[in-house]
Amino acid sequence: MKIREVKCKTLLNNSAIADYCVNPYVGCQHGCRYCYAAGITFRFRRGKEEWGEFLDVKTNALEVLSREVEKKKAGKVYLSSLTDPYQPVEKKYELTRKILEMLVKKGFPVIVQTKSNLVARDLDVLKRNKLNEVGVTVVTLDEEVRRNFEPASSNAEERLEAIRLAKENGLRTYVFFGPILPFLSETDLEGFLTRFKKAGADYVYVDRLNLRPMVWSMVSKIVLKKYPELYDGWRKILFSESSYYDEVKKKVFEASKKIGLELVFCY
Ligand code: SF4
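Given the structure is predicted, the values throughout are model-derived calculations rather than measurements. (Residues numbered from 1 in each chain as written. Predicted model: local features only at pLDDT ≥ 70, side-chain atom pairs only at ≥ 80, totals over all residues.)

(A) Main features of the overall build of the protein chain. Looking only at helices and strands, the protein chain features 11 helices and 11 strands. For the protein chain, the C-alpha radius of gyration of 18 Å lies close to 18 Å, the compact-globule estimate for 267 residues. Overall, the protein chain is about 50 × 45 × 30 Å in size when its C-alpha atoms are taken along their principal axes. At a minimum sequence separation of 6, the contacts of the protein chain that also span at least 24 residues come to 81%. (Helix = DSSP H or I, 4+ residues; strand = E, 2+ residues; numbered from the N terminus. Rg over C-alpha atoms; globule rule 2.2 N^0.38 Å. Contact = placed C-beta atoms within 7 Å.)

(B) Here's a closer look at the site of the ligand. Cys28, His30, Gly31, Cys32, Cys35, Ala37, Thr83, Asp84 and Lys115 make up every residue found near the ligand. Taken together, the residues of the shell around the ligand sort by class into 4 nonpolar, 3 polar and 2 charged. (Near = placed C-beta within 6 Å. Nonpolar A, V, L, I, M, F, W, Y, C, P; charged D, E, K, R; others polar.)

(C) Examining the sheet that holds strand β1 (residues 2-6) more closely. The 3 strands lie next to each other as β1-β5-β4, forming an open sheet whose pairing is mixed. The strands lining the two open edges of the sheet, one partner per strand, are β1 and β4 (25-26). The sheet contact formed by β4 and strand β5 (residues 54-58) spans 2 bridges and is antiparallel. The residue bridging Tyr25 from the neighbouring strand is Val57, located in β5. (Pairing = 2+ DSSP bridges.)

(D) Summary view of the nonpolar core. Val22, Val77, Ile163, Val175 and Val204 are the most contacted members of the largest nonpolar core, which has 59 residues in total. When residues in this core are grouped by element, the largest group, 5 residues, is from helix α7 (residues 156-168). Residues in contact with Val77, not counting those within four places in the same chain, are Leu12, Ala18, Asp19, Tyr20, Cys21, Val22, Leu103, Phe108 and Val110. (Core = buried A, V, L, I, M, F, W, Y, C linked by C-beta atoms within 7 Å. Buried ≥ 20, exposed ≤ 12 C-beta atoms within 10 Å, placed from the backbone.)

(E) Spotlight on the packing of helix α2 (residues 61-71) against helix α4 (residues 95-105). Where α2 contacts α4, the axes come no closer than 10 Å and their chain directions differ by 20 degrees. As far as their axial angle goes, α4 and α2 are roughly parallel. Viewed along their axes, α2 and α4 form a crossing whose handedness is right-handed. Seen from α2, the contacting residues are Ala61, Leu62, Leu65, Ser66 and Val69; seen from α4, they are Leu95, Lys98, Ile99 and Met102. Class assignment for the residues of the contact of α2 with α4 results in 7 nonpolar, 1 polar and 1 charged. (Axes fitted to C-alpha atoms, helices over the stretch in contact; angles between N-to-C directions. Parallel < 35°, antiparallel > 145°, perpendicular 65-115°, else oblique. Left-handed = near helix turned anticlockwise from the far one by under 90°.)

(F) Structural detail: unusual backbone geometry. Across the junction of Leu79 and Ser80, the peptide omega takes the value 0 degrees, indicating a cis bond. Gly178 connects to Pro179 through a cis peptide bond whose omega is 0 degrees. For Pro179, the position within the fold is in the loop between β9 (172-177) and α8 (189-199). Of note, Phe183 is a non-glycine position whose phi angle comes to about 70 degrees, a positive value. C-beta crowding within 10 Å serves as the criterion here: with 15 such atoms nearby, Phe183 is assigned to the partly exposed category. You will see that Met214, though not glycine, has its phi angle at about 80 degrees, which is positive. Structurally, the position occupied by Met214 is in the loop between β10 (203-206) and α9 (215-226).

(G) Expanded view of α4. For α4, every residue scored as buried is listed here: Leu95, Thr96, Arg97, Ile99, Leu100 and Leu103. Buried positions along α4 lie against β5, α2, β6 (77-79), α3 (90-93), β7 (110-114) and α5 (123-126). Where α4 ends, the next residue or the one after it, Gly107, has phi of about 80 degrees, a positive value.

(H) Up close: the sheet that holds strand β11 (residues 262-265). Within the open sheet, the 8 strands sit side by side as β2-β3-β6-β7-β8-β9-β10-β11. Their pairing is mixed. A strand with exactly one partner marks an edge of an open sheet, and here the two such strands are β2 (13-14) and β11.

(I) Summary view of the pairing of strand β8 (residues 133-137). Judged by how many residues are buried, β8 sits mostly within the fold: 5 of 5 residues are covered. The two faces of β8 match: Glu133, Gly135 and Thr137 on one face and Val134 and Val136 on the other face are all buried. When β7 meets β8, the two strands line up parallel, connected through 4 bridges. Along β8, the bridge assignment pairs Ile111 with Glu133. One ladder, built from 5 bridges, connects β8 with β9; its direction is parallel. Following the sheet pairing, Val136 is matched in β9 by Val175.

(J) Structural context of the packing of α8 against helix α11 (residues 244-259). Two elements in contact, α8 and α11, have axes whose closest approach is 9 Å; the angle formed by their N-to-C orientations is 50 degrees. As judged from the angle between their axes, α8 and α11 are oblique. By crossing handedness, the relation of α8 to α11 is classed as right-handed. Contact residues: α8 offers Leu189, Glu190, Leu193, Thr194 and Lys197, while α11 offers Lys251, Val252, Ala255, Ser256, Lys258 and Ile259.

Written out as structure tokens, the structure is:
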């Protein structure tokens, strides 16, 4: 893992997800093989490393943010759109924590979304504004599948425990169920969604796998290596007219109705 300290020019940027987004890092140590941020990051960052093998730390983030929060109108901030705010390096730099402290103090509500239980460390800051939200991404409860596609993240049970703690601290919580990995994510939908509800999720986002730049080249290597019997099925679903994701949508909808869980479909 190549870690560099860099300076940024801006931090609080306009976003389609919320009013603003903040990315304290460039790159992501979690190295998920289906990551849509990889293609976007490589468009503006030169280097020969693979996704998940480099990380730039924006060491002047606080200085830049302190200027921006004075100039910009308060609004909802999403952390993070192109990196995970709680990847392992955050333990050392605590950039996300310091950013949260500043945003909360200045009245900017935040939504944090992560694949790490490190978010539980910052619940003391997050609970200072009840408009703040905590979300975790969960694609599978199967540890082997998780390790194959998300090699450096916390396991799903640890993430759900962070949701339980966030709820206990009075915060609104959600699980992001996506991208749904064909034939691997949807094996027991009812059990899966029940687990989210028991953990304390107020609602669940559901998303499919989208073929953004680099996604197929990264994800197909894992499918070929670990699940070769699924490779043709994946190709069919992702590259031709297929009703697969519509059918999954229906099944998720039916299962959530039984359980009484609010859903937000992203596709
Ligand atoms: S945690 Fe998010 S940003 Fe990081 S590699 Fe995984 S999908 Fe990409």
